[in-house]
Amino acid sequence: MVGSIAALGAGLAVIGAGIGIGQVGGKAMEGIARQPEAASKIQTAMIIAAALIEGAALFAIVVALMGNNPS
Amino acid sequence: MDFRHFFDSKKISFIAIFAVLTTFSVVQAADTPTVNSAAIDSHGAHGEGEFQPTDVIMEHISDAHDWHLWGHSSIPLPVILYTDKGFEFFLSSQFHHGEHDYRGKHYTYRLVDKKKIQVVNAAGQIDEEASKKIWDFSITKNVASMFLSVFLLLLIFTSVAKAYKKREGKAPKGLQSFLEPIILFVRDDIARPNIGHKYARFMPLLLTIFFFIWINNLMGLIPIFPGAANVTGNIAVTFVLAFIVLIVVNVNGNKYYWKHILLPDVPWWLYPIMIPVELVGVISRPFALMIRLFANITAGHIIILSLISLIFVFKSLAIAPVSLAFVLFMNVLELLVAALQAFIFTLLTALFIGMAVEEHH
């Protein structure tokens, strides 16, 4: 039972991160489409933002993993 | 700074590097399933009969006292223990994969769960009190793998440095022309935009972090002997890397950085909230670096191993091609992730250093 709840937690974390990274990626695409000459700058900023969002999601996944394998 | 004019030579597209990596990856990924499945098969065969994917996966991503080759053969690694009576050296093959106890100079030792070395008393029971007093400084699989990657890095970079000295003024050749665009990439796209004009001091650190993480990520993806250790997916390794970043950022922090933390531009009655938040920020940034690298690499390994485990969970040959195709896909993706995580770690390090050394604007 503990394992399945931990899996649910991991799934919820992934939903959050998916929405977040989707927003970042979509907006970056829009930005690049409007200003193709700024593509490299937008890409760097996009990767930083995506990494920060991913970090938050990975915290949750690590917690879920720990809940899955209580030592 | 003799090399300055070499750095200014023509920049090769970073995509070319990815293309080369992807070519390697196909060769490498193609033999992944066979080797790993053989290992799993052997575990399943002499196990309890029932295949336990979690145990197999956890065993593959964790550290070990021997370096598994195939089937029942593995390379023994030295065990170094510091006990209250002195040091103890022996090879891990003395444990016979945890089946035998080893009688050392000071105590008798037992390998518990293939990971922990514990002291056994005369009655054959684990002595908890004495076990707490021993410190394990063994050359484990991760340590050995790290030695190997450090050796490889030294080999690569001393030869390239020598080539720069010898071929001064000429176009780069061989390994030089592979590494030069990457070094230029770290300098021009990571260090300079984020740190500013003081970037030169931090280039050695950034390049070391980038190449150390990258080579360890790639070595972790090799399924057979020289690789297969999950170095950057070990939280102790990423902790040390993040700790170095924490030290570097705070030692190099100028007065504006500290003023921003200790005396932020807010009404004085907000200080009790703002200062703790800023101090937490100082710790949480390297902490996020640690968790990000650890979780990304570990998650990648878990996904690949789970896909292989599917074959054994379903006990069907029909599932094998599907699983193999997914494993191939994941392995190629992991090659991208290996470079991307090295890049992100270096980029965020440069960003944090840039925040700390920034002059007031």
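Looking at an unreviewed UniProt entry, one finds chain B named ATP synthase subunit a and attributed to Parapedobacter composti. Recorded under Function (unreviewed entry), the UniProt text for chain B is reproduced unchanged: "Key component of the proton channel; it plays a direct role in the translocation of protons across the membrane." Taken from UniProt, the Sequence similarities (unreviewed entry) comment for chain B reads in full: "Belongs to the ATPase A chain family."

As annotated in an unreviewed UniProt entry, chain A carries the name ATP synthase subunit c and comes from Parapedobacter composti. According to UniProt, the comment filed for chain A under the heading Sequence similarities (unreviewed entry) is "Belongs to the ATPase C chain family."

Engineer: Any chance you could break down the overall build of chain A for me, citing the residues and the numbers?
Structural biologist: Along the backbone of chain A there are two helices and zero strands. For chain A, the spread of C-alpha atoms along the three principal axes comes to 50 × 15 × 10 Å. Across the 71 residues of chain A, 10% fall into the buried class. Within chain A, residue pairs in contact and separated by at least 24 positions form 80% of the contacts whose partners lie at least 6 positions apart.

Engineer: Describe the overall build of chain B, naming the residues involved and giving the relevant values.
Structural biologist: Regarding its fold elements, chain B presents twelve helices and eight strands. In chain B, buried positions account for 31% of the 361 residues. Across chain B, the fraction of contacts at a sequence separation of at least 24, relative to all contacts at a separation of at least 6, is 64%.

Engineer: Tell me what's going on with unusual backbone geometry, and back it up with residues and numbers.
Structural biologist: Glycine aside, residues mostly have negative phi angles, and peptide bonds mostly take the trans form. Of note in this structure, B:Lys315 is not a glycine but carries a positive phi near 50 degrees. The exposed category is assigned to B:Lys315, around which 9 C-beta atoms lie within 10 Å.

Engineer: Pulling in residues and values, what's your account of the packing of helix H7 (residues 175–195) of chain B against helix H8 (residues 203–221) of chain B?
Structural biologist: All names here are of chain B. Their axes nearest at 10 Å, the elements H7 and H8 cross at an angle of 115 degrees. Considering the relative orientation of H7 and H8, their crossing is right-handed. For the pair H7 and H8, contact is made by Ile 183, Val 186, Arg 187, Ile 190 and Ala 191 and by Met 203, Leu 206, Leu 207 and Phe 210, respectively.

Engineer: Report on the environment of B:Ser138, specifying residues and quantitative values.
Structural biologist: Residue and element names in this part refer to chain B. Among the secondary structure elements, Ser 138 is positioned in the loop between strand E8 (135–136) and helix H6 (141–166). Judged by the 19 C-beta atoms lying within 10 Å of it, Ser 138 is partly exposed. Not counting residues up to four positions away in its chain, the partners in contact with Ser 138 are His 65, Leu 77, Pro 78, Val 79 and Ile 80.

Engineer: Describe the sheet that holds strand E6 (residues 108–112) of chain B, with residues and values.
Structural biologist: Residues and elements named next belong to chain B. Across the sheet, which stays open at both edges, the three strands sit in the order E5-E6-E7 with antiparallel pairing between neighbours. This sheet does not close on itself; its edge strands, each paired only once, are strand E5 (102–103) and strand E7 (116–120). Here five bridges tie E6 to E7, and the two strands are oriented antiparallel to one another. Counterpart to Leu 111 in the pairing with E7 is Ile 117.

Engineer: Requested: an account of the interface of chain B and chain A, with residues and values cited.
Structural biologist: Listed as interface residues are nine residues of chain B and, on the opposing side, nine residues of chain A. For the side of chain B that touches chain A, the secondary-structure elements that each account for two or more residues are helix H11 (271–314) and helix H12 (319–357) of chain B. The element best represented in the side of chain B that touches chain A is H11(B), accounting for six residues. Taken together, the residues that form the side of chain B that touches chain A break down as seven nonpolar, one polar and one charged.

Engineer: Run through the UniProt feature "transmembrane region" (unreviewed entry) in chain B, naming residues and quoting values.
Structural biologist: Per the UniProt record, "transmembrane region" (unreviewed entry) is annotated on residues 143–164, 202–225, 231–249, 269–295, 301–328 and 335–357 of chain B. Spanning residues 143–164 of chain B, this segment combines 100% helix with 0% strand, and its end C-alpha atoms are found 31 Å apart.

Engineer: Lay out the sheet that holds E8(B) with the relevant residues and their values.
Structural biologist: Residues and elements named next belong to chain B. Strand order in this open sheet of three strands is E4-E3-E8, and the pairing throughout is antiparallel. The sheet terminates laterally at strand E4 (86–91) and E8, the two strands that pair on one side only. In this structure, strand E3 (residues 78–83) lies alongside E8, joined through two bridges in antiparallel fashion. Bridge pairing links Leu 81 to Asp 136 in E8.

Engineer: If you had to explain the UniProt feature "domain: V-ATPase proteolipid subunit C-like" (unreviewed entry) in chain A to someone new, which residues and values would you point to?
Structural biologist: Summarizing the sequence annotation, UniProt attributes the feature "domain: V-ATPase proteolipid subunit C-like" (unreviewed entry) to residues 6–66 of chain A in the numbering used throughout. Helix makes up 93% of residues 6–66 of chain A and strand makes up 0%, while its end C-alpha atoms are separated by 8 Å.

Engineer: Tell me about H8(B), and please be specific about residues and values.
Structural biologist: End to end, H8(B) covers 27 Å across 19 residues, agreeing with the expected 27 Å (1.5 Å per residue, within 8%). Within H8(B), 14 of the 19 residues are buried, which leaves the element mostly enclosed by the surrounding structure.

Engineer: Account for helix H9 (residues 235–251) of chain B, with residues named and values stated.
Structural biologist: All names here are of chain B. Taking 1.5 Å per residue, 17 residues should reach 24 Å; H9 reaches 24 Å between its end C-alpha atoms and fits that length. Along H9, the positions that sit buried rather than exposed are Val 237, Thr 238, Leu 241, Ala 242, Val 245 and Val 249. Burial along H9 is one-sided: seen end-on, the buried residues are contained in an arc of 125 degrees. Of the residues in H9, the exposed ones pointing more than 90 degrees away from the buried face are Ala 236, Val 240, Ile 247 and Val 251. Buried residues along H9 sit in contact with H8, H11 and H12.

Engineer: I'd like to hear about the environment of A:Ala49, residue by residue, with values.
Structural biologist: Residues and elements named next belong to chain A. Here Ala 49 shows up in helix H2 (residues 39–68). A tally of 17 C-beta atoms within 10 Å means that Ala 49 is categorised as partly exposed. Residues Ala 49 and Glu 30, spaced 19 residues apart in sequence, show a C-alpha to C-alpha distance of 16 Å.

Scoring rules and cut-offs
- Residues take numbers from 1 onward in each chain, read along the sequence in its written order.
- Labels follow written order: the first chain is A, the first ligand is 1, and so on.
- Only residues with pLDDT of at least 70 get local features here, since the model is predicted, and only at 80 or more are side-chain atom pairs given and counted; chain-wide, interface and lining totals rely on the full set of residues.
- UniProt positions are given in the numbering used here, feature names are shortened, and annotations may be inferred rather than shown by experiment.
- In DSSP terms, a helix is any run of H or I states spanning at least four residues, a strand is any run of E spanning at least two, and both are numbered starting from the N terminus.
- Burial in this document is a count-based property: other C-beta atoms within 10 Å of a residue's C-beta are tallied, and the residue is buried at 20 or more, exposed at 12 or fewer, or partly exposed in between, with C-beta positions derived from the backbone.
- A residue pair is marked as a contact if its C-beta atoms, positioned from the backbone, fall within 7 Å.
- Each axis is a line fitted through C-alpha atoms, taken for helices only over the stretch in contact, and angles between the N-to-C directions span 0 to 180 degrees.
- When the near helix sits turned anticlockwise from the far one by under a right angle, the crossing is termed left-handed; a clockwise turn instead gives a right-handed crossing.
- Strand pairing is assigned whenever DSSP detects at least two bridges linking the two strands.
- Residue classes follow a fixed rule: Ala, Val, Leu, Ile, Met, Phe, Trp, Tyr, Cys and Pro count as nonpolar, while Asp, Glu, Lys and Arg count as charged, and any other residue, Gly among them, counts as polar.
- Here, expected helix span is obtained from the residue count minus one, scaled by 1.5 Å.
- In this context, the arc is that of the directions from the helix axis out to the C-beta atoms.

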